[in-house]
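# What the coordinates show
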Amino acid sequence: MKVSSNPSSVKVAMASFILGSVMTYCLSNLSKKEKNVKKKLSSQKSSNQPITIPPEMRSEQLSRNELYFGENGMESIINSSILIVGLGGVGSHTAHMLARAGVSYLRLVDFDQVTLSSLNRHACATLEDVGLSKVSCLKNFLAKVCGTCCEVDARVQMYTGDDSKDGDMMKCPKHDSEWDVVIDAIDDVPTKARLLAHCIRKNIRVISCMGAGGKSDMTRLHISDLRTASRDPLASKLRQTLKKILKKDSSVKDESYLSDIERVAVVYSSEKVVCKLADFTEEQKEEGIHKFGAVDNMRIRVIPVLGTMPAIMGQSLAAMALCELGGKPFTPMGGERLGRNARNRLYQHFKNRENKVRDEIELVDCDESDSALHRDVKTDEISESGGVLNGKWIGPLQIDSDDVDYIFSEVWRNRCSVTGESLGTVLELTRWDLSKPSNCQNIVLMGAKAMRLYDEAKNKTGDGRDSVSSEIRSRIEARLTVCKIDSRA
């Protein structure tokens, strides 16, 4: 064997040898560790004992999540209690991922059983599970993943909204506390509406899934408030049913819950349904259609379902719940996007409005005898570089047309920041606090009426914020604090 006399070649060879040795050692240790884990868990399984995962193993199991959420965020997720109602194609994927992510208590509610036709979309069901209740199927599977670290309270039960029938189903196991999150994965409108109504009355955070059947385009999925959900027949029927239920409820003052994503968030697809409900078979027609429903007054006809869509929607529900619990909430992008022409129009109108505000502030600073052409140099310098003059900020715009799309679509979700209106009004941008710069954290979207009242208050008191109540003002300012100064940051 010929050895190279080139020093650099020798160094490379030595480095490769050392690296290979280290990798071999690490893989050997890892292999031993994995074998010990497998041996320990197998002994528990063979004795039919619940799998108890040692702390160091559980820590390793959740290590990637902890890197993402941090220690405090991970602790919040572990200590959370979540109720999931509906464990079909959507709910099974949600429950599956919440358990894998470390949630320590899940209550699963579903009256139905695993069928052969549900195997195309269920998260963990196999042929052996056909005929078993969906909640039991999930409980058995999750025990193999999480052992005793996740308590799964499986309820083979249908939610009715009637306490005498539901028993303690809706009661959180934590004393004097409500659920951290309720996940609604029900596909029946009346039942779905009753569950959401309960959460709205009790002020419980609920994340709901709309229709997954007859659709396939995952690029059309959105997370929004219930009012915004469009091109979704289930969402339309749900809005109508929910309003009827809560209309006579004295504890619910108005219909603001429809526009409040912090109370009710929905995952929906804006894709138009491409497949209709399956027709009744001749057997169903001959024997009587009413005999084929699993439960009275529930849908009988079959919805065509591509298994990928409920899986993605279920994972989306889990992602939103986990990020909120872990202290890393995200701002969902609304289904409606702002076109280039509309974006440029809004930007130009805002620029004209800012120019007018700046002129008014500068005129106040001038002596009555001075003309606009002879303003002092100091005022011009502030106006060019940005600064405070007479308690008001003046300067060049701190946003561009790309920021307009962020403010319009993501921050205010295409709605007036004061009234929540989106239809029947012209929406424009304005600076909220005139003492602060015109960046994303200080710009609101207003309808024509709200803007008029804002300007009247600004002219009268010097502060347009006086046009709204303290409650609305607090809500707007809370929203502004979570905005990015630069939408591309």
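What comes next is a walk through the structure.

Thresholds, definitions, all that
- Residues numbered from 1 in each chain as written.
- Predicted model: local features only at pLDDT ≥ 70, side-chain atom pairs only at ≥ 80, totals over all residues.
- Heavy atoms only, no water.
- Helix = DSSP H or I, 4+ residues; strand = E, 2+ residues; numbered from the N terminus.
- Contact = heavy atoms within 4.5 Å.
- Areas by Shrake-Rupley, 256 points an atom, 1.4 Å probe, with all protein chains shown as cover.
- Expected span 1.5 Å × (residues − 1).
- Bend = angle between axes of the 7 residues up to and from the residue.
- Buried < 20%, exposed > 50% of the residue type's maximum accessible area, 1.4 Å probe, protein only.
- Polar contact = N/O pair within 3.5 Å; in protein donor to acceptor, adjacent residues only side chain to side chain.
- Pairing = 2+ DSSP bridges.

Another aspect to go through is the overall build of the protein. On a plain count of helices and strands, the protein comes out with 15 helices and 11 strands. Of the contacts made within the protein by residues no fewer than 6 positions apart, 69% connect residues no fewer than 24 positions apart. About 26,900 Å² of surface is accessible on the protein, with carbon and sulfur atoms providing 52% of the total.

Tracing the chain through its elements places Lys202 in helix H7 (residues 189–202). Sequence separation between Lys202 and Ser251 is 49 residues, and the spatial gap between their C-alpha atoms is 9.3 Å.

In this model helix H3 (residues 63–78) runs just 13 Å from its N-terminal to its C-terminal C-alpha over 16 residues, more than 12% under the 22 Å that 1.5 Å per residue would give. Gly70 marks where H3 bends most, by close to 110°. Restricting attention to buried positions, one finds in H3 the residues Phe69, Gly73, Met74 and Ile77. Against the buried residues of H3 lie helix H10 (308–325).

Along the chain, the position of Asp463 falls in the loop between helix H14 (448–461) and helix H15 (470–481). A distance of 2.9 Å separates polar atoms of two side chains, one belonging to Asp463 and the other to Arg465. For Asp463, the residues in contact, after removing those within four places along its chain, are Ala457 and Lys458.

So, about the pairing of strand E6 (residues 221–224). Neither face of E6 is open: one carries Leu221 and Ile223, the other His222 and Ser224, and all of them are buried. Bridge count for E6 against strand E7 (residues 264–269) is 4 bridges, and the pairing is antiparallel. Looking at E7, one finds that His222 is bridged to Tyr268.

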